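An overview of the molecular structure
Chain by chain, the residues:
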Amino acid sequence: MKQNKFSMNKIFWGLLFLLGAVCLLLSKMGYFPTINNISVYDILLTILFVWIVLEGIHNRNFFFILFGLSLIAIQYDEFLHITAITPWTLLSAALLASIGLTILFPSKNNKSKINQFEFADKGKKDFENSTDEVIYFKNSFGSSIKYVNTDALVNISLKNSFGEMKVYFDNAIIKNGVADVNLEASFGEIILYIPKTWYIEDHIKTSFASVKEENHNQSQGCPALRLYGEAAFGDITIVYI
């Protein structure tokens, strides 16, 4: 499995954070002028927060949208005359509103039908009905342990938010040598316990998250488990057993 994906998007954001660190140091040393009390560092932070909002709009993630807007408001709270509600009141309101909107308006991908999947490298396969071939697990605000018990695994969908989900694949057999996993992880961790003879193909899109491996893989390339979906503000951990 490839741990790091080299892309222009990563180069841009990596350089932006490095530039932000340099600007922070230089601005504190008085090398950067400010305009209406807004420094270059403030502008870079604003770009980051706007990107978070745009990511949220693109993926219809209310947590990204509302927290991104809240961070922008906190950054300019004096200019907006809202210091009375920053930071914790505003962040708490954003959390509650995000939960409420997510419940009222589920992700646009949740309504996909089982047999109407289209896959891109950052794409998704969503389904909410479990069979021997198609499995669906969900966890929110807590911890859970799930076991994949099937001898004909084709697709599995895992959704975890504000919690920890452990999923064991050691009692599963992949049908036709290849199975697909769609993961949606936000503000939490998904831990996958995978047989060490399986090959892992990683297509997960991450935002302030990471995909990491533990123990050694001894795969010969088949069977293969293809990982798709998105992880934000959390981790995806693959443990070979």
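Residues numbered from 1 in each chain as written. Predicted model: local features only at pLDDT ≥ 70, side-chain atom pairs only at ≥ 80, totals over all residues. Heavy atoms only, no water.

Some thoughts on the overall build of the chain
How we decide: Runs of E in the DSSP output that reach at least two residues are strands. Runs of H or I that reach at least four are helices, and both are numbered from the N terminus. The classification of residues rests on relative accessible area computed with a 1.4 Å probe and restricted to protein chains. Under 20% of the type maximum is buried, over 50% is exposed, and intermediate values are partly exposed. Here, residues are in contact when the closest pair of their heavy atoms is within 4.5 Å. All accessible areas in this document rest on Shrake-Rupley with a 1.4 Å probe, and a residue is counted as covered only by the protein chains that are shown.
A tally of regular secondary structure across the chain gives 5 helices and 9 strands. Secondary structure elements of the chain, listed N to C terminal, follow the sequence α-α-α-α-α-β-β-β-β-β-β-β-β-β. Considering the chain as a whole, with its 241 residues, one finds that 42% of them fall into the buried category. The long-range fraction of contacts in the chain, counting pairs at least 24 apart against all pairs at least 6 apart in sequence, stands at 64%. As displayed, the chain has an accessible area near 13600 Å², and 60% of this comes from carbon and sulfur atoms.

Some details on helix 5 (residues 88-104)
In an α-helix, one turn spans 3.6 residues, which is why side chains three or four residues apart end up on the same side. Threshold: To estimate the expected span of a helix, count its residues, drop one, and scale the result by 1.5 Å. Note: the arc covers the axis-to-C-beta directions of the helix.
The first and last C-alpha atoms of helix 5 sit 24 Å apart over 17 residues, in line with the 24 Å expected at 1.5 Å per residue. Along helix 5, the residues classified as buried are Leu90, Leu91, Ala94 and Ser98. Along helix 5, the residues classed as buried sweep out an arc of 95° about the axis, all on the same side. Among the exposed residues of helix 5, those oriented more than 90 degrees off its buried face are Trp88, Leu96, Ile103 and Leu104. Those residues of helix 5 that are buried are in contact with helix 3 (62-75).

A few points about the nonpolar core
Basically, it comes down to this: Here, nonpolar core refers to any group of buried Ala, Val, Leu, Ile, Met, Phe, Trp, Tyr and Cys residues whose side-chain atoms link them within 4.5 Å.
Residues Leu158, Phe169, Leu192 and Leu225 are the most contacted members of the largest nonpolar core, which totals 28 residues. Breaking this core down by element, the ones donating at least two residues are strand 1 (134-147), strand 3 (155-168), strand 4 (172-174), strand 5 (178-186), strand 6 (189-194) and strand 9 (224-240). A per-element tally of this core places strand 9 first, with 6 residues. In this structure, Leu225 is in contact with Leu153, Phe169, Ile174, Ala179, Val181, Ile194, Trp198, Tyr199, Ile200 and Glu201, ignoring residues within four places of it in sequence. One finds Leu48, Ile52, Phe64 and Tyr76 within the second-largest nonpolar core, a separate group that totals 8 residues.

Things to note about the environment of Asn160
The cut-off we apply is this: Any pair of nitrogen or oxygen atoms within 3.5 Å is treated as a polar contact; in protein, a donor-acceptor pairing is required on top of that, and neighbouring residues in sequence qualify only through side-chain atoms on both sides.
If you trace the backbone, Asn160 turns up in strand 3. Once the C-alpha coordinates of Asn160 and Phe141 are considered, the two residues, 19 residues apart in sequence, prove to be 8.5 Å apart. Among all residues touching Asn160, those that are not within four sequence positions of it are Asn139, Met165, Glu184, Ala185, Ser186, Gly188, Glu189 and Ile190. Of note is the side chain of Asn160, whose polar atom sits 2.7 Å from the side chain of Asn139.

Regarding the packing of aromatic side chains
What counts, and what does not: Aromatic pairing here means that ring centres of Phe, Tyr or Trp (its six-membered ring) are within 6.5 Å. Orientation follows from the plane angle: under 30 degrees is stacked, over 60 is edge-to-face, and everything else is tilted.
Overall, the coordinates contain 8 aromatic pairs when judged by the stated rule. Taking the centre distance of 6.1 Å and the plane angle of 70° together, the rings of Phe169 and Trp198 count as edge-to-face. Note that Phe169 is positioned in the loop between strand 3 and strand 4 and Trp198 in the loop between strand 6 and strand 7 (199-202), a separation of 29 residues in sequence. Put simply, the rings of Phe63, Phe67, Phe141, Phe162 and Phe187 pair up and form one aromatic cluster.

Examining the side chain of Asn139
Along the polypeptide, Asn139 turns up in strand 1. Among the polar contacts listed, one links the side chain of Asn139 to the backbone oxygen of Gly142, at a separation of 3.1 Å. Once you skip the residues sitting within four places of it in the chain, Asn139 turns out to touch Ser144, Lys159, Asn160, Ser161, Gly163, Glu164 and Met165.

Describing unusual backbone geometry
Backbone torsion omega between Thr86 and Pro87 reads -5°, so that peptide bond is classified as cis. Looking at the element boundaries, Pro87 is found in the loop between helix 4 (77-80) and helix 5.

Remarks on the confidence of the model for the chain
To keep things clear, this is the line we draw: The pLDDT value expresses, per residue, how confident the predictor is, ranging between 0 and 100.
Mean pLDDT over the chain: 79, with 76% of residues reaching 70 or higher. Per-element averaging of pLDDT across the chain places helix 1 (residues 8-28) at the bottom with 68 and strand 6 at the top with 94. Throughout residues 2-8 the model reports pLDDT below 50, and contacts reaching past four residues in sequence, or to other chains, amount to 10 contacts. Below a pLDDT of 50 lies the segment residues 108-128, which in the model reaches 48 contacts outside its immediate sequence neighbourhood of four places, other chains included.

So, the environment of Asn59
Mapped onto the secondary structure, Asn59 falls in helix 2 (residues 40-59). Taking the relative accessible area as the measure of exposure, Asn59 reaches 15% and is therefore buried. Along the sequence, Asn59 and Glu230 sit 171 residues apart, while their C-alpha atoms lie 9.5 Å from each other. When residues no more than four places from it in sequence are discounted, the contact partners of Asn59 are Lys205 and Glu230.

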